[in-house]
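Working through the structure, step by step
Chain residues, written in single-letter form:
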Amino acid sequence: MKLKDHYLSLAIRGKRTIVISDIHGEKELFQRLLQQVGFSDDDLLIIGGDIIDKGRDSIGTMRYVFELLERPNVYMIEGNCDRILDELYEDWLYDYMDRRRTWVHDYLDEVDRSLDDYDSQQQLGDDILEKYSDYQAMFNTLPTAIETEDYLFVHAGIDGVDYLETAREQALNMPNFYTQSHQLDKYVVVGHYPACNYVEHGIYCHDIKINDARKIIAIDGGNQVKPSGQLNALIIEPDGSLCSEHVDDHPVQEVIQSFEVTVQSPHTFTFPEFDIMIEDIEPYFTKAVHTHSNTEFMVKSEYIQEDGTGGYRLKEDYTDLFLDVEAGEHVKVIDDTCSGYVLIKKGSIVGWVPEEVLA
Ligand SMILES: [Mn+2]
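Described below are features of the structure shown in this document. Values in this document were obtained by computation on a predicted structure and should not be read as measured data.

From N to C terminus, the protein includes six helices and 22 strands. Scaling as 2.2 N^0.38, a compact globule of 359 residues should have a C-alpha radius of gyration of about 21 Å, and the protein matches this with 22 Å. With the principal axes as the frame, the protein shows a C-alpha extent of 55 × 55 × 40 Å. A sequence separation of at least 24 residues applies to 66% of the contacts in the protein between residues at least 6 apart.

This is the structure:
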(Lines give C-alpha, C1' and ligand atoms only; values in the text may rest on other atoms or scores of the structure.)
Protein backbone atom coordinates (compact mmCIF):
# COMPACT_ATOMS: atom_id res chain seq x y z
CA MET A 1 0.00 0.00 0.00
CA LYS A 2 1.18 3.47 -0.87
CA LEU A 3 0.38 6.96 0.33
CA LYS A 4 -1.66 7.60 -2.82
CA ASP A 5 -3.95 4.65 -1.99
CA HIS A 6 -4.99 6.12 1.32
CA TYR A 7 -5.05 9.81 0.93
CA LEU A 8 -7.43 12.71 1.48
CA SER A 9 -7.50 16.08 -0.21
CA LEU A 10 -8.97 19.01 1.73
CA ALA A 11 -9.51 22.73 1.21
CA ILE A 12 -8.65 24.57 4.42
CA ARG A 13 -7.62 28.09 3.32
CA GLY A 14 -9.38 30.78 5.32
CA LYS A 15 -10.20 28.41 8.19
CA ARG A 16 -8.37 28.32 11.48
CA THR A 17 -6.74 24.88 11.52
CA ILE A 18 -5.40 23.19 14.64
CA VAL A 19 -2.91 20.36 14.21
CA ILE A 20 -2.03 18.03 17.09
CA SER A 21 -0.03 14.81 16.83
CA ASP A 22 1.37 12.08 19.08
CA ILE A 23 -1.26 12.34 21.82
CA HIS A 24 -0.12 8.88 22.97
CA GLY A 25 -2.98 7.95 25.27
CA GLU A 26 -3.11 11.27 27.12
CA LYS A 27 -6.77 12.16 26.76
CA GLU A 28 -6.73 14.75 29.53
CA LEU A 29 -3.73 16.61 28.11
CA PHE A 30 -5.39 16.58 24.71
CA GLN A 31 -8.65 17.93 26.11
CA ARG A 32 -6.76 20.63 28.02
CA LEU A 33 -4.93 21.63 24.85
CA LEU A 34 -8.18 21.83 22.86
CA GLN A 35 -9.60 24.06 25.58
CA GLN A 36 -6.46 26.22 25.69
CA VAL A 37 -6.58 26.88 21.93
CA GLY A 38 -10.34 27.52 22.13
CA PHE A 39 -11.23 24.76 19.67
CA SER A 40 -14.75 25.26 18.28
CA ASP A 41 -16.99 24.11 15.42
CA ASP A 42 -15.63 27.00 13.34
CA ASP A 43 -12.12 25.49 13.39
CA LEU A 44 -10.66 22.51 11.60
CA LEU A 45 -8.84 19.96 13.72
CA ILE A 46 -6.28 17.62 12.17
CA ILE A 47 -4.94 14.87 14.42
CA GLY A 48 -1.51 13.77 13.22
CA GLY A 49 -1.50 10.13 14.28
CA ASP A 50 -0.25 8.12 17.26
CA ILE A 51 -3.26 8.71 19.49
CA ILE A 52 -2.50 5.55 21.52
CA ASP A 53 0.33 3.77 23.42
CA LYS A 54 2.90 5.07 25.92
CA GLY A 55 0.45 7.24 27.93
CA ARG A 56 -2.07 6.43 30.64
CA ASP A 57 -5.35 6.03 28.78
CA SER A 58 -5.05 4.66 25.26
CA ILE A 59 -8.57 3.24 25.07
CA GLY A 60 -10.17 6.38 26.52
CA THR A 61 -8.21 8.55 24.10
CA MET A 62 -9.16 6.32 21.18
CA ARG A 63 -12.86 6.48 22.05
CA TYR A 64 -12.70 10.26 22.52
CA VAL A 65 -10.93 10.79 19.19
CA PHE A 66 -13.37 8.51 17.34
CA GLU A 67 -16.22 10.55 18.87
CA LEU A 68 -14.58 13.77 17.67
CA LEU A 69 -14.14 12.27 14.20
CA GLU A 70 -17.92 12.13 13.85
CA ARG A 71 -17.85 15.93 13.61
CA PRO A 72 -17.52 17.34 10.10
CA ASN A 73 -14.57 19.56 11.07
CA VAL A 74 -12.30 16.88 12.59
CA TYR A 75 -9.81 14.74 10.63
CA MET A 76 -7.10 12.30 11.54
CA ILE A 77 -4.21 10.62 9.74
CA GLU A 78 -2.79 7.31 10.93
CA GLY A 79 0.42 6.91 12.92
CA ASN A 80 2.57 3.82 13.41
CA CYS A 81 1.24 3.22 16.94
CA ASP A 82 -2.37 3.37 15.72
CA ARG A 83 -1.85 0.11 13.84
CA ILE A 84 -1.65 -2.11 16.92
CA LEU A 85 -4.97 -3.85 16.24
CA ASP A 86 -3.47 -5.05 12.94
CA GLU A 87 -0.36 -6.22 14.75
CA LEU A 88 -1.79 -8.37 17.55
CA TYR A 89 -0.33 -11.55 16.03
CA GLU A 90 3.16 -10.14 15.35
CA ASP A 91 5.95 -12.00 17.14
CA TRP A 92 7.38 -8.75 18.57
CA LEU A 93 4.17 -7.77 20.37
CA TYR A 94 5.04 -9.10 23.83
CA ASP A 95 8.56 -7.59 23.69
CA TYR A 96 7.04 -4.26 22.75
CA MET A 97 4.57 -4.58 25.64
CA ASP A 98 7.49 -5.23 28.02
CA ARG A 99 9.06 -1.95 27.02
CA ARG A 100 6.09 0.38 27.21
CA ARG A 101 2.47 0.75 28.18
CA THR A 102 0.24 -0.02 25.20
CA TRP A 103 -3.37 -0.12 24.10
CA VAL A 104 -3.30 -3.87 24.89
CA HIS A 105 -2.42 -3.16 28.56
CA ASP A 106 -5.45 -0.86 28.72
CA TYR A 107 -7.55 -3.60 27.17
CA LEU A 108 -6.38 -6.16 29.76
CA ASP A 109 -7.24 -3.70 32.54
CA GLU A 110 -10.64 -3.09 31.01
CA VAL A 111 -11.54 -6.80 30.87
CA ASP A 112 -9.76 -7.42 34.20
CA ARG A 113 -7.38 -10.01 32.81
CA SER A 114 -3.62 -10.41 32.44
CA LEU A 115 -1.42 -11.98 29.77
CA ASP A 116 -1.20 -15.06 32.01
CA ASP A 117 -4.92 -15.63 31.49
CA TYR A 118 -4.25 -16.41 27.82
CA ASP A 119 -2.72 -19.68 26.67
CA SER A 120 -1.27 -18.06 23.58
CA GLN A 121 -0.84 -14.75 21.84
CA GLN A 122 -3.22 -16.09 19.20
CA GLN A 123 -5.91 -16.40 21.89
CA LEU A 124 -5.27 -12.85 23.11
CA GLY A 125 -5.54 -11.49 19.56
CA ASP A 126 -8.73 -13.45 18.89
CA ASP A 127 -10.27 -12.21 22.15
CA ILE A 128 -9.48 -8.56 21.38
CA LEU A 129 -10.70 -8.69 17.79
CA GLU A 130 -13.87 -10.52 18.77
CA LYS A 131 -14.80 -7.50 20.90
CA TYR A 132 -13.09 -4.66 19.07
CA SER A 133 -12.99 -5.44 15.36
CA ASP A 134 -15.07 -2.27 14.85
CA TYR A 135 -12.22 -0.19 16.29
CA GLN A 136 -9.77 -2.03 14.04
CA ALA A 137 -11.96 -1.13 11.09
CA MET A 138 -12.11 2.52 12.18
CA PHE A 139 -8.33 2.78 12.47
CA ASN A 140 -8.11 1.34 8.97
CA THR A 141 -10.37 4.02 7.49
CA LEU A 142 -7.86 6.72 8.49
CA PRO A 143 -5.93 8.25 5.60
CA THR A 144 -2.12 8.00 5.56
CA ALA A 145 -1.88 11.64 4.48
CA ILE A 146 -4.04 14.73 4.12
CA GLU A 147 -3.09 17.24 1.47
CA THR A 148 -4.38 20.82 1.47
CA GLU A 149 -3.63 23.86 -0.70
CA ASP A 150 -0.48 24.71 1.26
CA TYR A 151 0.32 21.65 3.39
CA LEU A 152 0.77 17.92 3.42
CA PHE A 153 0.06 16.26 6.77
CA VAL A 154 1.66 12.85 7.29
CA HIS A 155 2.77 11.08 10.47
CA ALA A 156 6.49 10.47 9.83
CA GLY A 157 7.54 11.58 6.36
CA ILE A 158 7.40 11.18 2.59
CA ASP A 159 9.57 9.90 -0.23
CA GLY A 160 11.96 12.63 -1.38
CA VAL A 161 11.24 12.16 -5.08
CA ASP A 162 7.56 11.22 -5.52
CA TYR A 163 5.52 11.69 -2.38
CA LEU A 164 2.47 9.86 -3.75
CA GLU A 165 4.62 6.74 -4.14
CA THR A 166 5.69 6.75 -0.48
CA ALA A 167 5.12 3.26 0.99
CA ARG A 168 2.63 3.33 3.85
CA GLU A 169 5.26 1.81 6.18
CA GLN A 170 7.64 4.63 5.32
CA ALA A 171 5.01 7.34 5.74
CA LEU A 172 4.31 6.04 9.25
CA ASN A 173 7.81 5.07 10.41
CA MET A 174 10.45 7.09 8.57
CA PRO A 175 13.03 8.38 11.07
CA ASN A 176 14.41 11.94 11.18
CA PHE A 177 12.37 13.33 8.30
CA TYR A 178 13.04 16.91 9.47
CA THR A 179 16.69 16.52 8.39
CA GLN A 180 15.73 15.24 4.94
CA SER A 181 14.30 16.95 1.88
CA HIS A 182 11.33 16.60 -0.44
CA GLN A 183 10.18 18.06 -3.73
CA LEU A 184 6.71 19.27 -2.81
CA ASP A 185 6.05 22.96 -3.21
CA LYS A 186 4.21 23.03 0.11
CA TYR A 187 5.03 22.45 3.75
CA VAL A 188 5.07 18.88 5.03
CA VAL A 189 3.84 18.70 8.64
CA VAL A 190 5.02 15.65 10.61
CA GLY A 191 4.99 14.23 14.11
CA HIS A 192 6.57 10.88 15.06
CA TYR A 193 10.05 12.15 16.03
CA PRO A 194 10.19 14.67 18.88
CA ALA A 195 11.17 18.10 17.59
CA CYS A 196 13.66 18.44 20.48
CA ASN A 197 15.86 15.86 18.69
CA TYR A 198 16.54 18.45 16.00
CA VAL A 199 18.84 20.52 18.19
CA GLU A 200 19.48 24.12 17.16
CA HIS A 201 22.18 26.27 18.82
CA GLY A 202 22.72 23.59 21.46
CA ILE A 203 19.31 24.30 22.99
CA TYR A 204 16.97 21.54 24.20
CA CYS A 205 13.55 22.83 23.21
CA HIS A 206 10.18 21.13 22.75
CA ASP A 207 8.63 23.81 20.55
CA ILE A 208 7.38 23.10 17.06
CA LYS A 209 10.32 23.45 14.64
CA ILE A 210 9.88 24.99 11.20
CA ASN A 211 12.47 24.66 8.46
CA ASP A 212 11.53 27.19 5.75
CA ALA A 213 14.31 26.11 3.39
CA ARG A 214 13.23 22.46 3.42
CA LYS A 215 9.54 23.24 3.92
CA ILE A 216 9.15 20.86 6.85
CA ILE A 217 7.37 21.43 10.16
CA ALA A 218 8.01 19.03 13.07
CA ILE A 219 5.27 19.31 15.68
CA ASP A 220 5.85 16.42 18.13
CA GLY A 221 6.60 17.91 21.57
CA GLY A 222 7.95 14.61 22.92
CA ASN A 223 4.79 13.95 24.96
CA GLN A 224 5.21 10.62 26.85
CA VAL A 225 8.58 10.04 25.17
CA LYS A 226 10.84 12.65 26.77
CA PRO A 227 10.84 13.34 30.52
CA SER A 228 10.40 17.08 29.85
CA GLY A 229 8.02 16.56 26.90
CA GLN A 230 4.80 18.39 26.08
CA LEU A 231 1.81 18.18 23.76
CA ASN A 232 2.03 20.82 21.02
CA ALA A 233 -0.67 22.36 18.84
CA LEU A 234 0.28 23.99 15.55
CA ILE A 235 -2.29 26.65 14.68
CA ILE A 236 -2.71 27.81 11.10
CA GLU A 237 -4.63 31.08 11.34
CA PRO A 238 -7.23 32.08 8.71
CA ASP A 239 -4.70 34.53 7.22
CA GLY A 240 -2.16 31.71 6.86
CA SER A 241 0.12 32.78 9.71
CA LEU A 242 1.34 30.16 12.16
CA CYS A 243 1.45 30.03 15.93
CA SER A 244 1.60 27.33 18.56
CA GLU A 245 0.43 26.41 22.04
CA HIS A 246 1.39 23.58 24.36
CA VAL A 247 0.37 21.79 27.55
CA ASP A 248 2.24 19.46 29.87
CA ASP A 249 1.91 17.82 33.27
CA HIS A 250 5.09 19.04 34.97
CA PRO A 251 4.75 20.62 38.42
CA VAL A 252 4.95 24.43 38.58
CA GLN A 253 7.25 26.20 41.00
CA GLU A 254 7.85 29.88 41.77
CA VAL A 255 11.32 31.39 41.44
CA ILE A 256 12.28 33.14 44.70
CA GLN A 257 15.71 34.40 43.69
CA SER A 258 16.83 35.70 40.30
CA PHE A 259 19.65 33.91 38.52
CA GLU A 260 21.54 35.20 35.52
CA VAL A 261 24.14 33.54 33.32
CA THR A 262 26.53 35.83 31.49
CA VAL A 263 28.28 33.74 28.84
CA GLN A 264 27.61 30.16 27.82
CA SER A 265 27.69 28.05 24.68
CA PRO A 266 25.29 25.23 25.45
CA HIS A 267 25.26 21.65 24.22
CA THR A 268 22.38 19.21 23.91
CA PHE A 269 22.70 15.52 23.19
CA THR A 270 19.66 13.37 22.42
CA PHE A 271 18.81 9.70 22.02
CA PRO A 272 20.45 7.53 20.76
CA GLU A 273 23.84 9.32 20.80
CA PHE A 274 24.53 8.79 24.49
CA ASP A 275 28.16 7.57 24.65
CA ILE A 276 30.51 9.79 26.63
CA MET A 277 34.08 9.63 27.95
CA ILE A 278 34.95 10.80 31.44
CA GLU A 279 37.92 10.59 33.81
CA ASP A 280 36.44 10.53 37.30
CA ILE A 281 32.95 11.33 38.44
CA GLU A 282 33.12 14.63 40.31
CA PRO A 283 30.59 16.15 42.69
CA TYR A 284 27.84 18.21 40.96
CA PHE A 285 29.23 18.33 37.39
CA THR A 286 31.79 16.15 35.62
CA LYS A 287 33.95 17.10 32.64
CA ALA A 288 33.03 14.81 29.71
CA VAL A 289 33.50 14.32 25.98
CA HIS A 290 30.48 13.39 23.88
CA THR A 291 31.83 10.55 21.73
CA HIS A 292 29.61 10.93 18.66
CA SER A 293 30.34 14.65 18.18
CA ASN A 294 33.72 14.75 19.97
CA THR A 295 32.49 17.69 22.04
CA GLU A 296 33.67 18.67 25.51
CA PHE A 297 30.94 19.57 27.96
CA MET A 298 29.99 19.42 31.63
CA VAL A 299 27.54 16.70 32.59
CA LYS A 300 25.49 16.65 35.78
CA SER A 301 27.05 13.68 37.52
CA GLU A 302 23.70 12.00 38.22
CA TYR A 303 23.17 11.76 34.42
CA ILE A 304 26.23 9.50 33.96
CA GLN A 305 25.59 5.77 33.64
CA GLU A 306 27.99 2.86 33.20
CA ASP A 307 27.40 1.30 29.80
CA GLY A 308 28.16 -2.26 30.93
CA THR A 309 31.39 -2.55 28.89
CA GLY A 310 33.61 -0.37 31.07
CA GLY A 311 32.54 2.89 29.45
CA TYR A 312 29.96 5.53 30.24
CA ARG A 313 26.81 6.90 28.71
CA LEU A 314 24.17 9.56 29.38
CA LYS A 315 21.08 8.16 31.08
CA GLU A 316 18.70 10.50 29.21
CA ASP A 317 18.69 13.30 26.69
CA TYR A 318 21.02 15.87 28.20
CA THR A 319 21.52 19.63 28.05
CA ASP A 320 24.18 21.64 29.86
CA LEU A 321 22.31 24.93 29.41
CA PHE A 322 21.79 27.12 32.47
CA LEU A 323 18.59 29.14 32.38
CA ASP A 324 18.12 32.78 33.42
CA VAL A 325 15.22 33.14 35.80
CA GLU A 326 13.67 36.08 37.60
CA ALA A 327 12.22 36.18 41.10
CA GLY A 328 8.44 35.89 40.94
CA GLU A 329 8.22 33.95 37.68
CA HIS A 330 6.90 30.40 37.49
CA VAL A 331 8.77 27.51 35.89
CA LYS A 332 8.17 23.79 35.41
CA VAL A 333 10.26 21.41 37.51
CA ILE A 334 11.60 18.49 35.45
CA ASP A 335 14.14 16.90 37.81
CA ASP A 336 14.76 17.96 41.41
CA THR A 337 16.56 14.78 42.47
CA CYS A 338 20.13 15.97 41.74
CA SER A 339 22.54 17.58 44.18
CA GLY A 340 22.65 21.39 44.15
CA TYR A 341 20.85 22.01 40.85
CA VAL A 342 17.35 21.54 39.49
CA LEU A 343 16.44 20.81 35.86
CA ILE A 344 13.57 23.10 34.87
CA LYS A 345 11.57 24.03 31.80
CA LYS A 346 10.86 27.65 31.00
CA GLY A 347 8.46 28.01 28.09
CA SER A 348 9.55 25.04 26.00
CA ILE A 349 13.28 25.26 26.85
CA VAL A 350 14.97 22.93 29.32
CA GLY A 351 17.96 23.88 31.49
CA TRP A 352 19.52 24.00 34.93
CA VAL A 353 19.23 26.44 37.82
CA PRO A 354 20.86 26.32 41.28
CA GLU A 355 18.42 24.80 43.75
CA GLU A 356 18.34 27.93 45.96
CA VAL A 357 16.55 29.97 43.28
CA LEU A 358 13.39 27.85 43.67
CA ALA A 359 10.93 28.03 46.54
MN1 LIG B 1 4.97 7.67 15.77
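Structure's up, so let's keep going.
So, on to the sheet that holds strand β8 (residues 209-211). Read from one edge to the other, the open sheet built from six strands follows the order β1-β5-β6-β7-β9-β8, with strand pairing classed as mixed. Each having just a single partner strand, β1 (7-9) and β8 make up the two edges of the open sheet. For this sheet, the mean inter-axis angle between neighbouring strands, taken without regard to orientation, is 15 degrees. Relative to strand β9 (residues 216-218), strand β7 (residues 187-190) runs parallel, the two being bridged by three bridges. Each bridged residue has a counterpart across the sheet, and for Val188 the counterpart in β9 is Ile216.

Residues Val19, Ile20, Phe153, Val154, Val189, Ala218 and Leu234 are the most contacted members of the largest nonpolar core, which totals 79 residues. Among the elements that take part in this core, strand β10 (residues 231-236) stands out by supplying five residues, more than any other. There are two domains that each give this core at least three residues, and those are domain 1 (3-247) and domain 2 (252-357). Judged by nonpolar contacts, the second largest core, of 11 residues, contains Phe274, Phe285, Ala288 and Tyr318.

The two faces of strand β2 (residues 17-20) match: Thr17 and Val19 on one face and Ile18 and Ile20 on the other face are all buried. Pairing of β2 with strand β3 (residues 44-47), which is carried by four bridges, proceeds in the parallel orientation. For Thr17, the partnering residue across the bridge sits in β3 and is Leu44. Handedness of the β-α-β unit built from β2, helix α1 (residues 27-36) and β3 comes out right-handed. Across three bridges, the pairing between β2 and β10 is antiparallel. Bridged to Val19 within β10 is Leu234.

Taken as a whole, α1 has its buried residues at Lys27, Leu29, Phe30 and Leu33. Projected down its long axis, α1 shows its buried positions confined to an angular sector of 165 degrees, all on one face. Buried residues along α1 sit against β2, α2 (58-68), β10 and β11 (242-247). Remark: Gly38 follows α1 within two positions and exhibits a positive phi of approximately 70 degrees.

Before going further, it helps to examine unusual backbone geometry. The linkage connecting Phe271 with the following residue, Pro272, adopts the cis geometry, with an omega of 0 degrees. Turning to its location among the elements, Pro272 is positioned in the loop between β13 (268-269) and β14 (275-278). Unlike most non-glycine residues, Asp53 shows phi in positive territory, near 75 degrees. Here Asp53 is to be found in the loop between β3 and α2. For Asp53, a count of 25 C-beta atoms within 10 Å translates into the label buried. Despite not being glycine, His192 has its phi angle at roughly 75 degrees, a positive value. For His192, the location among the structural elements is in the loop between β7 and β8. Using a count of 27 C-beta atoms within 10 Å as the deciding quantity, one classes His192 as buried.

Cut-off values and rules
Residues numbered from 1 in each chain as written. Predicted model: local features only at pLDDT ≥ 70, side-chain atom pairs only at ≥ 80, totals over all residues. Helix = DSSP H or I, 4+ residues; strand = E, 2+ residues; numbered from the N terminus. Rg over C-alpha atoms; globule rule 2.2 N^0.38 Å. Contact = placed C-beta atoms within 7 Å. Pairing = 2+ DSSP bridges. Axes fitted to C-alpha atoms, helices over the stretch in contact; angles between N-to-C directions. Core = buried A, V, L, I, M, F, W, Y, C linked by C-beta atoms within 7 Å. Buried ≥ 20, exposed ≤ 12 C-beta atoms within 10 Å, placed from the backbone. Domains from an automatic or database assignment. Right-handed = clockwise from strand over helix to strand, strands pointing away. Arc of directions from axis to C-beta.

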